[in-house]
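Architecture and fold: a report
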Amino acid sequence: MGRGNVCVTGKYEGLYYIDNDDFHVYRRDEPDSDEEFETRLLKNLSCQELTGGEWSFDEWGTREEESDILECFIEGFTRMFPSFERPAKDTWLTEPGFGGSSKRVLLESKLFYIALEDNEWSLAVELLQKEDPYDDHLSGLQGRHHLNYLDGIKRCLLEVLPGIGTYKGAWTSGRITREECLA
């Protein structure tokens, strides 16, 4: 529901959240039926349906739904900004102090990464600065372009999703709907 527990810290960074409600798939099998099983997104199930025991989490369906959303996002964003490309191989960014690989790079340019981070309630799509620890020569160009890239991320996500979450501060968030943004 637009919540998140990850944030970005760079001066020219930002993020949006894809709620689990929009891509987590649940399946209901009809054991006495010849028909296929029924699937629904999490947002289309009531609390009673979720706790009633008829619906089970569909891991494969969820991975497919997530993949479809991300592919549509990547295609739209790279059309809008050709300077971004997919990394040549799977690339993960590590968090300082944690030592684990938590951010998967979806796209990169000479100035930025666009990475995906799971934060339990949603997926964070993050615009992250590329940095040289000894020189900040990229910051001028990053400052000039980051707002355009963040707007592009927002627009491309809203072409696929009905709404996305925004970061407002520590443990607080907002929500932007397609109608608000693309009107």
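Cut-offs applied
Along each chain, the written sequence defines residue order, and numbers are assigned to residues from 1. Reporting of local features is limited, given that this is a predicted model, to residues whose pLDDT is at least 70; pairs of side-chain atoms are given and counted only at 80 or more, and all residues count toward the totals for whole chains, interfaces and linings. To get the side-chain values, all heavy atoms of the structure are used, and hydrogens and water are removed first. Counting from the N terminus, the helices are DSSP H or I runs at least four residues long and the strands are E runs at least two residues long. Given the number of residues in a helix, its expected span is that number minus one, multiplied by 1.5 Å. Working definition for bend: take the seven residues up to and ending at a residue and the seven starting at it, fit an axis to each, and measure the angle between the axes. A 1.4 Å probe rolled over the protein chains alone gives each residue an accessible area, and that area as a share of the maximum for its type sets the label: buried under 20%, exposed over 50%, partly exposed in between. Salt bridge criterion: a side-chain nitrogen from Lys or Arg within 4 Å of a carboxyl oxygen from Asp or Glu.

With that settled, the discussion passes to helix α3 (residues 139–160). Between its first and last C-alpha atoms α3 spans 31 Å; for 22 residues at 1.5 Å apiece the expected length is 32 Å, and the two agree. For α3, the principal kink sits at H145 and spans about 45°. Within α3 the residues assigned to the buried category are Q142, H146, Y149, L150, G152, I153, K154, C156, L157 and L158.

Okay, the pattern of salt bridges next. Enumeration according to the criterion identifies 15 salt bridges in this entry. We note a salt bridge from E38 to R28, for which the minimum N-O separation is 2.5 Å. Note that E38 is positioned in strand β3 (residues 38–41) and R28 in strand β2 (residues 25–28), a separation of 10 residues in sequence. Taking relative accessible area as the criterion, E38 reaches 29% and is therefore assigned partly exposed. Across the pair R86 and E71 runs a salt bridge whose closest N-O atoms are separated by 2.8 Å. With R86 in the loop between α2 (59–80) and β5 (92–94) and E71 in helix α2, this pair connects stretches of sequence that are 15 residues apart. One salt-bridge network, in which partners are shared between bridges, spans R28, E38, R40, E49 and E54.

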